[in-house]
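# Examination of the molecular architecture
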Amino acid sequence: MIGQDGGVPIPPLRRHPVQRRSAERLGRILDACAELLDEMSYEELSTRAVAERANVPIGSVYRFFSNKRAMAEALAHRNLDEYATRITRRLAVMDSGPDGGGGWREAMDVVVDEYLAMKRGAPGFTLIEFGHPVPATGRPEQPNHLVADRLRVLLADRLGSGRTGGGGTGGGEGGEGDEERLRVAFLLAVEAADALLRLAFRMDPEGDPAIVAETKELLRAYLARVLD
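Residues numbered from 1 in each chain as written. Predicted model: local features only at pLDDT ≥ 70, side-chain atom pairs only at ≥ 80, totals over all residues. Heavy atoms only, no water.

## Section: the overall build of the chain
Of the regular secondary structure elements, the chain holds 9 helices and 0 strands. Along the chain direction, N to C, the helices and strands of the chain fall in the order α-α-α-α-α-α-α-α-α. Considering the chain as a whole, with its 228 residues, one finds that 41% of them fall into the buried category. Pairs at least 24 apart in sequence give 72% of the contacts found in the chain among residues at least 6 apart. (Helix = DSSP H or I, 4+ residues; strand = E, 2+ residues; numbered from the N terminus. Buried < 20%, exposed > 50% of the residue type's maximum accessible area, 1.4 Å probe, protein only. Contact = heavy atoms within 4.5 Å.)

## Some words on the nonpolar core
Judged by nonpolar contacts, the single largest core of 41 residues is most densely connected at Tyr83, Ile87, Met108, Leu151, Leu155 and Phe186. Among the elements of the structure, α4 (68-95), α5 (104-121), α7 (143-154), α8 (171-203) and α9 (209-227) are those that each provide at least two residues to this core. Here this core takes 10 residues from α8, the largest share from any one element. Counting 25 residues, the second largest nonpolar core, distinct from the first, contains Tyr42, Val56, Leu75 and Ala76. (Core = buried A, V, L, I, M, F, W, Y, C linked by side-chain atoms within 4.5 Å.)

## So, the packing of helix α1 (residues 20-37) against helix α2 (residues 47-54)
Two quantities define a packed helix pair, namely the angle between the helix axes and the distance between the axes. Running from N to C, α1 and α2 point in directions that differ by 115°, and their axes come no closer than 8 Å. Comparing the axis directions of α1 and α2 gives the class roughly perpendicular. Judged by the sense of rotation from one axis to the other, the crossing of α1 with α2 is right-handed. Judged by residue contacts, Arg28, Ile29, Ala32, Cys33, Glu35 and Leu36 of α1 engage Ala49, Val50, Arg53 and Ala54 from α2. Tallied by class, the residues present in the contact of α1 with α2 amount to 7 nonpolar, no polar and 3 charged. (Axes fitted to C-alpha atoms, helices over the stretch in contact; angles between N-to-C directions. Parallel < 35°, antiparallel > 145°, perpendicular 65-115°, else oblique. Left-handed = near helix turned anticlockwise from the far one by under 90°. Nonpolar A, V, L, I, M, F, W, Y, C, P; charged D, E, K, R; others polar.)

## Some words on the packing of α1 against α4
One way to put it is that α1 packs onto α4 with a least axis distance of 10 Å and a crossing angle of 95°. Judged by the inter-axis angle, α1 sits roughly perpendicular to α4. For the pair α1 and α4, contact is made by Gly27, Ile29, Leu30, Asp31, Cys33, Ala34 and Leu37 and by Met71, Ala74, Leu75 and Arg78, respectively. Of the residues contributing to the contact of α1 with α4, the split by class is 8 nonpolar, 1 polar and 2 charged.

By themselves these figures say nothing about function.
Encoded structure:
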């Protein structure tokens, strides 16, 4: 199953909801999981507690998820979808404004600001974010890889011409090289921002403003080597 903007696959459910009532029940289960993760550790979380909070039979939880790890992974991917939606919405508002939305630097500020907003207010996000709190064994994709790939898709129209392997007279090889360089740059930018923003929240429960500001400056300076 593919995320809502076509970028990232979400973990398969045991059963995909086909009716509105079933989809709403799945949403309540994930909402309950997120709420409980604000109140307890992942180790304390149980499928029974989620069922009780969601006011659904325990069988409804197992209809969708084999265990609490699968439920937490689905919540993490839903967070990533919500993050993408928030960024898309903000960029659309910017594009409709008198300044026409700005370039990639303004877009990267939105990327950081929407992460901060979710960190401060989205239920369960402090523990889960975009990946499982306990490293999975043998799982090929990593959360920051997924985030970086999603951001490249969302910001494609702001990254300048020829950034996705098309155009120019250098042929396919040069285009592929540009695309790979962009992929690596976005991954490194996400990894760096992840580490620095975690530091910001260790220094201040709301995110230390000075560290946040320096993080934005670091991202602009690093990505300018590729995007300018």
